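# Notes for the structure review
The primary structure of each chain is shown beneath.
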Amino acid sequence: CKEHKFEAYHIDMMNSLAERRPTESIKFGLQVLKSIGIRFPKKTTSLTVLSELSKFKFLLWNRSYDDLIDLEEATDPTKIFAMKMMNDIATTAFSLGDSFKEMYAAISIRMGSFTLQSGISALHSPHAFVLLGSVHASLHQYDIAMQAQNLAVHLVDKYQAESVRARVMVITLGMIHPWRNP
């Protein structure tokens, strides 16, 4: 069964983290994503981030973050699993600091694009949009960052996704709000 295979992959990735091998965890996660058709470059640079941001803005064309609250829900287990893996890779990349900041940004943006293309994953899209908001804040796009963060909070409320509320609020209060509400 595909779902069991996905869960085994995720457990392997989390085991690497538990054994304090975050770089190995990221590499493994990227290999798993590649096996389901989602590729990232071996070395993520600021050019990768700009490319991902351009693709996202193209997908967002003529829509605002407010329009995204009514996107259809994702139903494909492979796509939901991909969001789960990207979520964990982005979080791990962030924890590794400056040497992985481009990877964090690129994956966070890709998660937003993935949601626009595949639908909302109640457990992963709110975190995706708040991460995307943090990327906007780091680029000094504070109004856009607030819109992404507001969407994340609305998605948590709409889907009653209490298991991700804390993750969304930590990023909101620690990485987005200080720029607008010091």
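Before going into details, it helps to say that this report is about the structure given with it. Remember, it's a predicted structure, so these values are computed and weren't measured experimentally.

### Some details on the packing of aromatic side chains
The final tally for this structure, using the stated rule, is five aromatic pairs. Centroid distance Tyr 65 to Phe 129: 6.1 Å. Interplanar angle 85°. Geometry classified as edge-to-face. Of this pair, Tyr 65 sits in the loop between helix H3 (46-60) and helix H4 (77-95) while Phe 129 sits in helix H6 (residues 125-138); the two residues are 64 residues apart in sequence, bridging distant segments of the chain. An identical accessibility class is assigned to Tyr 65 and Phe 129; each is buried. An aromatic cluster is defined as three or more aromatic residues linked by ring pairs; in this entry it consists of Phe 56, Tyr 65 and Phe 129. Above the face of the Phe 40 ring, Arg 110 is positioned so that its terminal group lies 4.1 Å from the ring centre.

### Concerning the nonpolar core
Leu 33, Met 86, Ile 107 and Phe 129 are the most contacted members of the largest nonpolar core, which has 58 residues in total. Elements with a minimum of two residues in this core: helix H1 (2-18), helix H2 (22-35), H3, H4, helix H5 (101-118), H6, helix H7 (142-158) and helix H8 (162-180). Other than its neighbours up to four places away in sequence, Phe 129 contacts Phe 56, Tyr 65, Leu 68, Gly 112, Thr 115, Ala 148, Gln 149, Leu 151, Ala 152 and Leu 155.

### Thoughts on the layout of surface pockets
In this structure, the largest pocket occupies an estimated 420 Å³ of space. Along the wall of the largest pocket there are 18 residues; nearest its centre are Leu 30, Pro 41, Lys 42, Lys 43 and Met 103. Among the elements of the structure, H2 and H5 are those that each provide at least two residues to the lining of the largest pocket. Ranked by residues supplied to the lining of the largest pocket, first place goes to H2 with six residues. Looking at the lining of the largest pocket residue by residue, the class counts come to seven nonpolar, four polar and seven charged. For the second largest pocket, the calculated volume is near 340 Å³. Lys 101, Glu 102, Tyr 104, Ala 105 and Ser 138 are, among the 19 residues lining the second largest pocket, the residues nearest its centre. When residues of the lining of the second largest pocket are traced back to their parent elements, those giving at least two are H3, H4, H5, H6 and H8. When grouped by side-chain class, the residues that make up the lining of the second largest pocket number twelve nonpolar, four polar and three charged.

### Things to note about H3
Each α-helix winds once per 3.6 residues, and so residues spaced three or four apart point in a common direction. When the terminal C-alpha atoms of H3 are compared, their 21 Å separation across 15 residues agrees well with the 21 Å that a helix rising 1.5 Å per residue should span. Those residues of H3 that fall on the buried side of the exposure criterion are Thr 48, Val 49, Glu 52, Leu 53, Phe 56 and Leu 60. Buried residues in H3, looked at end-on, bunch into an arc of 130°, giving them a common side. For H3, the exposed residues lying more than 90 degrees away from the buried face are Leu 47, Leu 50 and Phe 58. Contacts made by the buried residues of H3 are with H5 and H6. One or two steps after H3, the chain reaches Asn 62, where phi turns positive at roughly 60°.

Conventions and cut-offs
Residues numbered from 1 in each chain as written. Predicted model: local features only at pLDDT ≥ 70, side-chain atom pairs only at ≥ 80, totals over all residues. Heavy atoms only, no water. Phe/Tyr/Trp six-rings, centres within 6.5 Å; stacked < 30°, edge-to-face > 60°. Helix = DSSP H or I, 4+ residues; strand = E, 2+ residues; numbered from the N terminus. Buried < 20%, exposed > 50% of the residue type's maximum accessible area, 1.4 Å probe, protein only. Lys NZ or Arg CZ within 6 Å of the ring centre and 35° of its normal. Core = buried A, V, L, I, M, F, W, Y, C linked by side-chain atoms within 4.5 Å. Contact = heavy atoms within 4.5 Å. 1 Å grid on protein atoms, 1.4 Å probe; cavity = no way out; pocket = protein on both sides within 12 Å on 5 of 7 lines; lining within 4 Å. Points joined across faces, edges and corners; volume = space filled by probe spheres on them. Nonpolar A, V, L, I, M, F, W, Y, C, P; charged D, E, K, R; others polar. Expected span 1.5 Å × (residues − 1). Arc of directions from axis to C-beta.

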